[in-house]
Amino acid sequence: MGKCRLPRKAVNHWLIRTSLVCRGIESEENRQAGVMAQDRVHQDCQDTSAKSFCCCATKCFKWLLGLMSLVWIALSIAEIVIGSVYLQQCPAQRFIPIYLIVNGVTVIIMSLLSVVGGLRPHKLIYGILALLSLFWFAWLITGSVWTFPLYPNYVNCNTTVYLFAFSILIIQWIVLALSLPAVIVKLASSFFACSSCCPCSQCSSCVSCVTK
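**Student:** Let's hear about the overall build of the protein chain: which residues, and what values?
**Tutor:** A tally of helices and strands in the protein chain yields five helices and zero strands. Reading the protein chain from its N end, one meets helices and strands in the order α-α-α-α-α. A buried classification covers 28% of the 212 residues belonging to the protein chain. Across the protein chain, the fraction of contacts at a sequence separation of at least 24, relative to all contacts at a separation of at least 6, is 70%. As presented, the protein chain carries roughly 14,400 Å² of accessible surface, and 70% of it is formed by carbon and sulfur atoms.

Right, here's the structure in full:
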């Protein structure tokens, strides 16, 4: 039997159709891959948008922390000045001026470290800040033990230094009660480098999604 040969035109037509079909399959695969990629980007943007409030809250927390630090630094300077001026004018409890001086120095250091830690987060900074916070809390209790028992009979203590120490203690206890839960969470998350709450600081695509 003789070999059956297809006309050259038919062969060329078949090759063209086969090529078009293959290109169509590749185009369809590419189109599906592109759709899947767009879906992933859209999902990332949705996830980031859902967390954008937390990112904004973190930035606002830093600004609020900086403002509070300035206020505490001003009060701490006043503590150091008043404690130094009236160092020997509280015979009823001679440690009250000392409490003001030490507390003022401690709060200034803590405030500065808080600002530095907010601008350049580092485990060492937050570790030192945590230790200073524990010391400050213990010193707060000590100062309360020295100051509150004299009220209202603080005759043998200068009125200015005593009432200032008394007021500072009251303010610190109120602030501590209001901010302790937030401070503990913030220190723990920063110390263990857990910044998943704010993806903007880690992923450039998150920034583009949030800023759209």
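Alright, that's what it looks like, and here's the rest.
**Student:** Before we move on, could you go through the environment of W173 and cite the residues and values that matter?
**Tutor:** Tracing the sequence through the fold places W173 in helix α4 (residues 159-191). Considering only alpha carbons, one finds W173 and L140, 33 residues apart in sequence, at a separation of 8.3 Å. Those residues in contact with W173 that sit more than four places away from it in its chain are F137, L140, I141, S144 and F148.

**Student:** How would you sum up helix α3 (residues 123-147)? Please name residues and give values.
**Tutor:** With 25 residues, α3 extends 35 Å between its outermost C-alpha atoms, agreeing within 8% with the 36 Å of an ideal straight helix rising 1.5 Å per residue. Within α3, burial applies to I125, Y126, G127, L129, S133, W136, W139, L140, G143, S144, W146 and T147.

**Student:** Please give an account of the confidence of the model for the protein chain that cites residues and values.
**Tutor:** When pLDDT is averaged across the protein chain, the result is 73; 55% of the residues are at 70 or more. The spread of mean pLDDT over the elements of the protein chain runs between helix α5 (residues 204-211), the lowest at 38, and α3, the highest at 93. Across residues 193-212, where pLDDT falls below 50, the model places 20 contacts with residues more than four positions away in sequence or in other chains.

**Student:** Could you give me a rundown of the side chain of Q172, with the residues and numbers involved?
**Tutor:** By secondary structure assignment, the location of Q172 is in helix α4. A distance of 3.0 Å separates the side chain of Q172 from the side chain of Y99, its partner in a polar contact. When sequence neighbours within four positions are dropped, the list of residues in contact with Q172 reads W72, Y99, N103, V107, W136 and L140.

The rules behind these values
- Residues numbered from 1 in each chain as written.
- Predicted model: local features only at pLDDT ≥ 70, side-chain atom pairs only at ≥ 80, totals over all residues.
- Heavy atoms only, no water.
- Helix = DSSP H or I, 4+ residues; strand = E, 2+ residues; numbered from the N terminus.
- Buried < 20%, exposed > 50% of the residue type's maximum accessible area, 1.4 Å probe, protein only.
- Contact = heavy atoms within 4.5 Å.
- Areas by Shrake-Rupley, 256 points an atom, 1.4 Å probe, with all protein chains shown as cover.
- Expected span 1.5 Å × (residues − 1).
- pLDDT = per-residue confidence, 0-100.
- Polar contact = N/O pair within 3.5 Å; in protein donor to acceptor, adjacent residues only side chain to side chain.

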